[in-house]
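Chain residues, written in single-letter form:
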Amino acid sequence: MAGIEGEPAEVRIPRAALDAMAAALSVRTAAMRTWPDGIDWMYPMGTWEQPHLEFALMPGGEEVWLRMSTDRSSVAVWTIQQWWEFTKELPEATPPG
């Protein structure tokens, strides 16, 4: 993973946040909040008050940005291919149809 400016980035994802994301992806249920910069961040519905994983599909569909709600200053940038590979490995997620 690389940070926004190409610097190495580490985003620590607690198991509970990963499990919540897997469940949301498996039933394709995510909530969305638009940040003041116009980026639409998605997260597992019903987890806003808890630490949660947020992701955003960048314009053009080439990158996915990931961040934890507990540290929104650290963002991991994945290619769309890395995102699909990640979602396929989640224990409860179903691959995109």
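In the block above lies the structure referred to throughout.
A. Quick peek at the overall build of the protein chain. A count of helices and strands for the protein chain gives two helices and five strands. For the protein chain, the sequential pattern of α-helices and β-strands runs α-β-β-β-β-β-α. The buried share among the 97 residues of the protein chain stands at 37%. Partitioning the contacts of the protein chain with sequence separation of at least 6, the portion at a separation of at least 24 is 38%.

B. Looking closely at the pairing of strand E4 (residues 63-68). Taken across its six residues, E4 has five buried, putting it largely inside the fold. Hairpin geometry of strand E3 (residues 53-57) and E4 is characterised by an intervening segment of five residues between the two adjacent antiparallel strands and by a positive phi of about 95° at Gly60. Sheet topology places E4 next to strand E5 (residues 71-79); five bridges connect them, and they run antiparallel. Residue pairing in the sheet places Leu66 in a bridge with Ala76 of E5. As consecutive antiparallel partners, E4 and E5 are separated by two residues.

Conventions used here
- Residues numbered from 1 in each chain as written.
- Predicted model: local features only at pLDDT ≥ 70, side-chain atom pairs only at ≥ 80, totals over all residues.
- Heavy atoms only, no water.
- Helix = DSSP H or I, 4+ residues; strand = E, 2+ residues; numbered from the N terminus.
- Buried < 20%, exposed > 50% of the residue type's maximum accessible area, 1.4 Å probe, protein only.
- Contact = heavy atoms within 4.5 Å.
- Pairing = 2+ DSSP bridges.

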